[in-house]
Amino acid sequence: MQNFSYHSHTHALNKYDGKNTAAEMIKQAELIGFKELGITNHLCYHPNLTPSNPMAYNDIKKAIEDYKAIIEEIRQAAKSSAIKIYAGFEVDFFPSKKWRDSFEKIMSEIKADYYIGASHFMRNKDETDIINPYDVLLHGYPYPHEELVKNFPNCWDNVVESIKSGYFAFIAHLDLYKIFNLGVGPEWDKPKWKIIDALSESKQPYELNTSGWNKCNEQHPHTWMLKELNRRDVPVVISDDAHSTAMLGQHYQRAEDLLQEIGYQKRFKFPF
Ligand SMILES: [Zn+2]
Ligand SMILES: [Zn+2]
């Protein structure tokens with residue numbers, strides 16, 4: 001069974017959305033027999049973002065300052081650990097040159113160990129309007145639901161472009177939006193095939209995210225996508241996307257069973 005997670009979150013700076021500290025997550029990882037742990041809090045920066053939560057930034061200086069502090073906390077906690085610890089980030093990717101330039105500046109300053117590509121936000125074409133679907137669906141603010149649905153197709157482009165960007169060790173939850181019951185019908189198969197093609201062309205690793213089993217009773221991505229990606233020899237890694245110590249290694253046996261059933265060949269792992 002896979003004995004590591006490269007996708008986990010902490011309550012960094014007392015404001016991020018994990019429940020535990022880096023030290024607590026590391027201790028638990030050791031306890032359950034993990035040999036490695038990657039802590040990847042959200043890297044959520046865009047100059048046009050109206051920060052709706054404390055993890056979102058439109059001020060690059062403040063973002064860099066906080067990201068450096070988050071990495072420092074992980075590296076301090078790692079000093080007394082017997083297992084290999086990585087300080088990474090789960091990055092909200094945007095396709096524009098403006099965003100890419102900013103992200104490259106952030107990477108050159110903070111020097112994290114690796115980055116996971118993700119797309120949680122929705123946006124209009126020119127990225128002047130960026131929407132957090134959690135705000136819309138959980139609080140109905142500040143956009144009506146119709147606005148969200150109108151901009152939804154862009155989400156698939158974000159995923160495809162993040163794959164092509166070459167920035168990322170692997171790509172997170174390819175079909176995230178099914179937790180909001182968005183992008184689930186057969187009319188959304190086309191963009192999913194585009195994602196499969198992009199992953200296949202670059203042999204970009206991606207994750208089987210087990211937290212989907214908590215949120216919508218299915219892992220990310222769909223089983224048919226896993227089968228197709230195996231057929232095309234794209235490496236997969238199991239992620240618990242743990243937001244608490246209790247979630248570390250959660251549903252790993254189920255994920256292993258599924259991969260075995262599919263006959264999955266290629267697994268992603270950092271060399272160390
Ligand atoms: Zn995520
Ligand atoms: Zn995550």
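Residues numbered from 1 in each chain as written. Chains lettered and ligands numbered in written order. Predicted model: local features only at pLDDT ≥ 70, side-chain atom pairs only at ≥ 80, totals over all residues. Heavy atoms only, no water.

**Student:** Account for the coordination of the zinc ion (ligand 2), with residues named and values stated.
**Tutor:** Coordination of the zinc ion (ligand 2) by the protein involves His7 (NE2), His9 (NE2), Glu90 (OE) and Asp241 (OD), with metal-donor separations of 2.1 to 2.3 Å. Here the zinc ion (ligand 2) is ringed by four donor atoms whose angles at the metal span 80 to 168°, and the overall shape comes out irregular. Summarised as a motif, the one-chain spacing of the donors to the zinc ion (ligand 2) is H-x1-H-x80-E-x150-D. If you look at the zinc ion (ligand 2) and the zinc ion (ligand 1), they sit 3.4 Å from each other and are both ligated by glutamate 90. Residue histidine 9 is located in the loop between β1 (4–5) and α1 (22–31), and its partner aspartate 241 is located in the loop between β10 (236–239) and α10 (252–262); the two are separated by 232 residues in the primary sequence. For histidine 9, a relative accessible area of 0% translates into the label buried. Aspartate 241 sits in the buried class, given a relative accessible area of 4%. (Donors = N, O, S within 2.8 Å, 3.2 Å for Na, K, Ca; no water. Tetrahedral: all angles 85-135°; square planar, octahedral: opposite > 155°, others 65-115°. Helix = DSSP H or I, 4+ residues; strand = E, 2+ residues; numbered from the N terminus. Buried < 20%, exposed > 50% of the residue type's maximum accessible area, 1.4 Å probe, protein only.)

**Student:** Can you break down the state of the cysteines residue by residue, with the values?
**Tutor:** In this structure the tally under the stated criterion is zero disulfides. Of all cysteine sulfurs in the structure, the one in cysteine 155 sits closest to cysteine 44, which takes part in no disulfide; the separation is 13 Å. (Disulfide = S-S within 2.5 Å.)

**Student:** How would you summarise the nonpolar core if you had to cite specific residues and measurements?
**Tutor:** Taken as a class, soluble globular proteins show a tendency for nonpolar side chains to be buried jointly. Grouped together as the largest cluster of nonpolar side chains are 81 residues, with contacts concentrated most on Tyr67, Phe89, Ile110, Tyr115 and Tyr206. Among the elements that take part in this core, helix α2 (residues 60–78) stands out by supplying eight residues, more than any other. Among all residues touching tyrosine 206, those that are not within four sequence positions of it are Phe170, Ile171, Leu174, Leu199, Pro221, Leu226, Leu229, Val234, Pro235, Val236, Val237 and Tyr264. Residues Tyr6, Ala118, Ala169 and Phe268 belong to the second largest nonpolar core, which totals 12 residues. (Core = buried A, V, L, I, M, F, W, Y, C linked by side-chain atoms within 4.5 Å. Contact = heavy atoms within 4.5 Å.)

**Student:** Provide a residue-level description of the coordination of the zinc ion (ligand 1), including the pertinent values.
**Tutor:** Distances from the zinc ion (ligand 1) to its protein donors, Glu90 (OE), His120 (NE2) and His173 (NE2), fall within 2.1 Å. Donor residues binding the zinc ion (ligand 1) come from one chain and are separated in sequence as E-x29-H-x52-H. You can call glutamate 90 buried: its relative accessible area is 1%.

**Student:** How would you explain the packing of α2 against helix α3 (residues 97–110) if you had to name every residue and give the values?
**Tutor:** Viewed as axis vectors pointing N to C, α2 and α3 meet at an angle of 40°, and their least axial separation amounts to 10 Å. Considering only the axes of α2 and α3, their crossing is right-handed. Along the contact surface, α2 presents Ile60, Ile64, Tyr67, Lys68 and Ile71, while α3 presents Ser102, Lys105, Ile106, Glu109 and Ile110. Among the residues forming the contact of α2 with α3, the class breakdown is six nonpolar, one polar and three charged. (Axes fitted to C-alpha atoms, helices over the stretch in contact; angles between N-to-C directions. Left-handed = near helix turned anticlockwise from the far one by under 90°. Nonpolar A, V, L, I, M, F, W, Y, C, P; charged D, E, K, R; others polar.)

**Student:** I'd like a rundown of empty space enclosed by the protein, residues and numbers included.
**Tutor:** Applying the stated rule across the entire model yields one cavity of 30 Å³ or more. In this structure, the largest cavity occupies an estimated 40 Å³ of space. Every residue lining the largest cavity is listed: Ala118, Ser119, Val159, Ile171, Ala172, His173, Leu174, Leu176 and Tyr177. (1 Å grid on protein atoms, 1.4 Å probe; cavity = no way out; pocket = protein on both sides within 12 Å on 5 of 7 lines; lining within 4 Å. Points joined across faces, edges and corners; volume = space filled by probe spheres on them.)

**Student:** Pulling in residues and values, what's your account of the environment of glutamate 73?
**Tutor:** Tracing the backbone through its elements, the reader meets glutamate 73 in helix α2. When its relative accessible area of 30% is taken as the criterion, glutamate 73 is described as partly exposed. Put simply, glutamate 73 and proline 221 are 148 residues apart on the chain and 32 Å apart in space, counted from C-alpha to C-alpha. Contacts of glutamate 73, omitting those with residues within four sequence positions, involve Ala12, Leu13, Thr21 and Ala22.

**Student:** Explain the pattern of salt bridges to me, using residue names and the numbers behind them.
**Tutor:** Applying the stated criterion across every chain, the model contains 18 salt bridges. Where aspartate 113 meets arginine 75, a salt bridge forms, and the shortest distance between an N and an O atom there is 2.9 Å. Of this pair, aspartate 113 sits in the loop between α3 and β5 (114–118) while arginine 75 sits in helix α2; the two residues are 38 residues apart in sequence, bridging distant segments of the chain. Residue aspartate 113 is classed as partly exposed on the basis of its relative accessible area, which comes to 40%. With a relative accessible area of 36%, arginine 75 lands in the partly exposed category. Between aspartate 197 and arginine 232 there is a salt bridge; the shortest N-O distance is 2.7 Å. Highlighted residues: aspartate 197 in helix α7 (residues 189–202) and arginine 232 in the loop between α9 (223–231) and β10, separated in sequence by 35 residues. The exposure class of aspartate 197 is partly exposed, given its relative accessible area of 32%. Each of Lys15, Lys62, Glu65 and Asp66 takes part in a single network of salt bridges with overlapping partners. (Salt bridge = Lys/Arg side-chain N within 4 Å of Asp/Glu carboxyl O.)

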